[in-house]
There are 2 protein chains.
Amino acid sequence: MATRFPLPQPDQPAENTMPDPMNDPVLNAYRKSIDNIDAALIHMLAERFRITQAVGQYKAKTAMPPADPGREKRQVQRLRKLAEEADLDPEFSEKFIRFVIDEVIRHHKKARSG
Amino acid sequence: MATRFPLPQPDQPAENTMPDPMNDPVLNAYRKSIDNIDAALIHMLAERFRITQAVGQYKAKTAMPPADPGREKRQVQRLRKLAEEADLDPEFSEKFIRFVIDEVIRHHKKARSG
């Protein structure tokens, strides 16, 4: 059966119509990459918390303080440098690592009091 | 030359002394793993922002709104599920993805007004 009207191109968004984010093939391709990266990030964070959980137990056992401001400062500086090299906003990298460290310290304090 | 006093074991923390986080081989080994994971996280985030930057330009060009609450809800649900499977606190995974999405939307709005 011949098709009477031209079908929309599957690899191009339809023109002259209201954009529909759910059915836009360009946007969907970007979102697939973002979803893959997010899955990797979640698994890296899971592994990071496995290690910091072990650190928390070790620090509690050896009576080391949960937080280590000198170590945190070195981590922030190192990650800002890595971020710059990777064209990521260093301010964001600092906000990110502080966000993660705050969660870790919350866990360490909970492990100590629990 | 014979060593007169027993040297500290390199793979065990010294006992009966004040713990020194800088010179503790157990803690240093954990920290090396954490530093490797953090470098991976920073590079994954850099790649994620490269993609969302392209998404921002594409959305501005096609007059799509910077935020997409339906997509965000699906992302949060998916990552909570992945987090549970990886033994990561789902609440933390939700806080994390919202933290990243907020930064992305801030970038999209800036790209649109700039």
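Provided above is the structure to which this section pertains.
Rules used in this analysis
- Residues numbered from 1 in each chain as written.
- Chains lettered and ligands numbered in written order.
- Predicted model: local features only at pLDDT ≥ 70, side-chain atom pairs only at ≥ 80, totals over all residues.
- Heavy atoms only, no water.
- Least-squares fit on C-alpha atoms with pLDDT ≥ 70 in both.
- Contact = heavy atoms within 4.5 Å.
- Buried area = accessible area lost by both parts, 1.4 Å probe.
- Salt bridge = Lys/Arg side-chain N within 4 Å of Asp/Glu carboxyl O.
- Polar contact = N/O pair within 3.5 Å; in protein donor to acceptor, adjacent residues only side chain to side chain.
- Helix = DSSP H or I, 4+ residues; strand = E, 2+ residues; numbered from the N terminus.

**Here we look at the relation of the copies chain B and chain A**
Step number 1: Once turned by 180° and shifted 0.0 Å along the axis, chain B lies on chain A with an RMSD of 0.0 Å. Accordingly, the operation relating the two chain copies is best matched by a two-fold axis. Proximity to the rotation axis, assessed at the C-alpha, singles out Leu-41 of chain B in chain B; its C-alpha lies 3.2 Å from the axis.
Step number 2: Comparing interface residues between copies, 100% of those in chain B also lie at the interface in chain A; the contact surface is shared.

**What to know about the interface of chain B and chain A**
Step number 1: Chain B puts 53 residues into the contact, and the matching count from chain A is 53 residues.
Step number 2: For the chain B and chain A pair, buried surface summed over both sides reaches about 5,300 Å², with 75% attributable to carbon and sulfur atoms.
Step number 3: At the junction of chain B and chain A, the tally comes to 8 salt bridges.
Step number 4: Across the pair Asp-35 of chain A and Arg-71 of chain B runs a salt bridge, and its minimum N-O distance is 3.2 Å.
Step number 5: At the junction of chain B and chain A, the tally comes to 12 residue pairs in polar contact (both at pLDDT 80 or more).
Step number 6: For the side of chain B that touches chain A, the elements supplying multiple residues, two or more each, are α1 (25–61), α2 (69–85) and α3 (90–113) of chain B.

What is shown is where atoms sit, not what they do.
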